[in-house]
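So the chains spell out like this:
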Amino acid sequence: MTIVAELHSDHFNLDRLLEILSAKVAKLRAGTRPNYRLMADAISYIGDYADEYHHSREDRMLAWFHGRDVQLDDLIQQCETQHQHVQRLSRDLSDAIESILNDTLMPMELLIDKLETYVREQKAHMKFEEEQVFVRLEKLAQPLDWAALSEQLPSNVDPLFGEHQSEEYVELYRDLLQDMA
């Protein structure tokens, strides 16, 4: 499996969590009181996993191909800008939820808007990578590129969807699904 296939799998899994959060937006708009701790844990997982593992692998892969193609270089720059943007959104949303958990008042509509923006922007970013960056990479890459990258890049260590699941994240996912019911 090439790194692009692994990153595609990450996107699929992250999208599953984003769908749960998207459903949470609808429930919040309908007046349901949220489980803020659960929301904080979900946002934390997505942000931590994306920053620690997913984006670092992606960035190293993109650096490998940098300079080979002008169109790809432009896509790589856009991707880096988007990474910074979704990281800011993640921190902002996490800070807002933590403030609420620490008894700071915040209008519910503001929280809902932040959550909705976060989900929308994360999904748009993954779509951009899937439909533009990864497609361009697969046109340019040779089998030797994938072989070299698979040796150089750390293996995927997803604590929720990977082979060795962390109990805390298994519980998070189960709790998120139950919270949606």
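See the structure printed just above.
What this report covers is the structure whose coordinates are included nearby. (Residues numbered from 1 in each chain as written. Predicted model: local features only at pLDDT ≥ 70, side-chain atom pairs only at ≥ 80, totals over all residues. Heavy atoms only, no water.)

### Notes on the side chain of Gln122
Item 1. Inspection of the secondary structure puts Gln122 in helix H4 (residues 108-140).
Item 2. Dropping the residues within four chain positions of it, Gln122 is found in contact with Leu18, Ile46 and Val86. (Helix = DSSP H or I, 4+ residues; strand = E, 2+ residues; numbered from the N terminus. Contact = heavy atoms within 4.5 Å.)

### Some words on the pattern of salt bridges
Item 1. In the structure shown here, the tally under the stated rule is twelve salt bridges.
Item 2. Across the pair Lys123 and Asp15 runs a salt bridge whose closest N-O atoms are separated by 2.4 Å. Residue Lys123 is found in helix H4, and its partner Asp15 is found in helix H1 (residues 3-29); the two are separated by 108 residues along the sequence.
Item 3. Owing to a relative accessible area of 24%, Lys123 belongs among the partly exposed residues under this scheme.
Item 4. With its nearest N and O atoms 3.8 Å apart, the salt bridge here joins Arg120 to Glu121.
Item 5. Its relative accessible area of 45% is what places Arg120 among the partly exposed residues.
Item 6. Of the residues examined, Glu121 reaches a relative accessible area of 25% and is grouped as partly exposed. (Salt bridge = Lys/Arg side-chain N within 4 Å of Asp/Glu carboxyl O. Buried < 20%, exposed > 50% of the residue type's maximum accessible area, 1.4 Å probe, protein only.)

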